[in-house]
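The residues making up each chain are set out below.
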Amino acid sequence: MATRNVLKTDSIDSLIYKGKRGDYRGYRRELLTEEAHDNIKNLIFCCKCVGVSRKPRLAEGKTFCTPCYKGTLPAVDSRVDEIVLQLKSRCPLSTRGCDWSGQLGDIVQHMSMCVKLRVACVTGCGEVLERCETDGHLKKCPLRRERCEYCGEEVQASGANRHIALCPRHPDGEVSCPYKELGCDVLGIKRKDLDTHLADYSISHQKLMLREIHQLRSENNKLRSETDKLRDVSERKECENSKKFQYLKRRNLIIHKRIWILLTLAVLGIAILMSYLRTERNRVDEKEHSIQSNKDSIQSNKQSIQSNKDSIQSHDQSMRFMLPSTVFNTTYLYDYIQD
């Protein structure tokens, strides 16, 4: 069993700059050729990361990389920056055999095309290899995509055999006999052998078709019989429902007539009752009027009696000194009237 490649992909920034991911500083010194080392001055080196200054800035008589300087940034020293970008450099992968050399300002562009840079396979198989080896690897990568010459579909190389079995046009793909549903039990038929199978088993297939036809005819007759029974039941139920509907309709008319009669009688009864109550009210009013008249008459009589009584009393006083018999008679008459 082949051992899996355990190499890691290269980071272009880590190869070119000092520092770590997210905090890259100046250019690495080892990128410069020996000739460049001999001709440069210490002014191009960052006094903090000790690398070749990237976008150099001069502050307090010292040179800083832009990422290294903390505080208010002075302007980039364009003269020093131009010197840095024109320094002669070599590929950081020269130890792997890359013979590129050029200006430091062009190294980023070179690394994007360097054939010695380790990259991951574009298919996602997990292999890490140098860029110059990718073409050879893609020819044998298990996850490479290949186009089927029969149907034109793109499939992974590792699933080619499975595609052959499913491909609708591949001659070596296995297919099912069209008469499988009728009972043909021959399995493992290749697409290219299907016509031969149909010719060799034509009589058997015809028997299967005749058996299926007889079975379908029997089921059809049974269904037709059941349909006729259901139709009879449906017609009978429909007739019964029609009779029930007519009966309910008549009952509804009768109920409506009875309700109308009851409502009419109720209205007439209410009218008669109102007339009776009105008559009784008039009679009561007449009686109350008669009683009030009698009360007035009685009150008038009482007043007349009281007047007579007063008259008699005055007369009695005037006759007090008359004859005793006369006084006696008057007193007797007064008592009689008072009683």
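Model, not experiment: these values are computed from the prediction. (Residues numbered from 1 in each chain as written. Predicted model: local features only at pLDDT ≥ 70, side-chain atom pairs only at ≥ 80, totals over all residues. Heavy atoms only, no water.)

## Structural notes on a nonpolar patch on the surface
Stage number 1. On the surface, a nonpolar cluster with roughly 590 Å² of combined accessible area is contributed by Trp260, Ile261, Leu262, Leu265 and Leu268.
Stage number 2. Residue position: Ile261 is located in helix α8 (residues 202–318).
Stage number 3. According to the relative accessible area criterion, Ile261 is partly exposed, its value standing at 47%. (Patch = residues over 30% accessible without salt bridge, like charges linked within 9 Å, V, L, I, M, F, W, Y side chains within 5 Å. Areas by Shrake-Rupley, 256 points an atom, 1.4 Å probe, with all protein chains shown as cover. Salt bridge = Lys/Arg side-chain N within 4 Å of Asp/Glu carboxyl O. Helix = DSSP H or I, 4+ residues; strand = E, 2+ residues; numbered from the N terminus. Buried < 20%, exposed > 50% of the residue type's maximum accessible area, 1.4 Å probe, protein only.)

## So, the packing of aromatic side chains
Stage number 1. All chains considered together, the criterion is met by one aromatic pair.
Stage number 2. Measuring from ring centre to ring centre gives 5.4 Å for Tyr17 and Tyr27, while their planes differ by 45 degrees; the resulting arrangement is tilted. Linking Tyr17 in strand β1 (residues 17–20) with Tyr27 in strand β2 (residues 23–27), this pair joins segments that are ten residues apart in sequence.
Stage number 3. Relative accessible area serves as the criterion here: at 10%, Tyr17 is assigned to the buried category.
Stage number 4. Classification of Tyr27 as buried rests on a relative accessible area of 9%.
Stage number 5. The ring of Phe45 has Arg29 sitting right over it, with the charged end atom 3.7 Å from the ring centre.
Stage number 6. Across from the ring centre of Tyr17, 4.2 Å away, lies the NZ or CZ of Arg54, which sits over that ring. (Phe/Tyr/Trp six-rings, centres within 6.5 Å; stacked < 30°, edge-to-face > 60°. Lys NZ or Arg CZ within 6 Å of the ring centre and 35° of its normal.)

## Concerning the pairing of β2
Stage number 1. With four of five residues buried, β2 lies mostly within the body of the structure.
Stage number 2. Where β1 meets β2, three bridges bridge the pair, whose relative direction is antiparallel. Within the sheet, the bridge partner assigned to Gly19 lies in β2 and is Tyr24. (Pairing = 2+ DSSP bridges.)

## A word on the confidence of the model for the chain
Stage number 1. Scored by pLDDT, the chain comes out at a mean of 81, with 82% of its residues at no less than 70.
Stage number 2. Confidence scores differ between elements of the chain, with helix α9 (residues 324–338) showing the lowest mean pLDDT of 54 and helix α4 (residues 107–111) the highest of 90. (pLDDT = per-residue confidence, 0-100.)

## Looking at the environment of Gln86
Stage number 1. Considering the arrangement of structural elements, one finds Gln86 in the loop between α3 (78–85) and β5 (88–90).
Stage number 2. Using a relative accessible area of 44% as the deciding quantity, one classes Gln86 as partly exposed.

## As for the environment of Val84
Stage number 1. The residue Val84 is located in helix α3 in this model.
Stage number 2. In the structure, Val84 is positioned 31 residues away from Ser53 in sequence and 7.4 Å away in space, judged by C-alpha atoms.
Stage number 3. Every residue in contact with Val84, bar those within four places of it in the chain, is listed here: Tyr27, Ile44, Val52, Ser53 and Leu104. (Contact = heavy atoms within 4.5 Å.)

## What about the environment of Glu30?
Stage number 1. On the secondary structure map, Glu30 appears in the loop between β2 and α2 (34–39).
Stage number 2. What makes Glu30 partly exposed here is its relative accessible area of 48%.
Stage number 3. It is 9.3 Å that separates the C-alpha atoms of Glu30 and Gly51, two residues lying 21 residues apart in sequence.

## Quick look at the nonpolar core
Stage number 1. Ile44, Val52, Leu104 and Met111 are the most contacted members of the largest nonpolar core, which has 24 residues in total.
Stage number 2. Counting residues per element, the ones that place at least two in this core are α1 (12–16), β2, α3 and α4.
Stage number 3. Judged by nonpolar contacts, the second largest core, of six residues, contains Val175, Cys177, Cys184 and Leu194. (Core = buried A, V, L, I, M, F, W, Y, C linked by side-chain atoms within 4.5 Å.)

## Quick notes on the side chain of Arg25
Stage number 1. Structurally, Arg25 can be placed in strand β2.
Stage number 2. Each residue touching Arg25, except ones within four places of it in the same chain, is listed here: Tyr17, Lys18, Cys49, Arg54, Cys65, Pro67 and Cys68.

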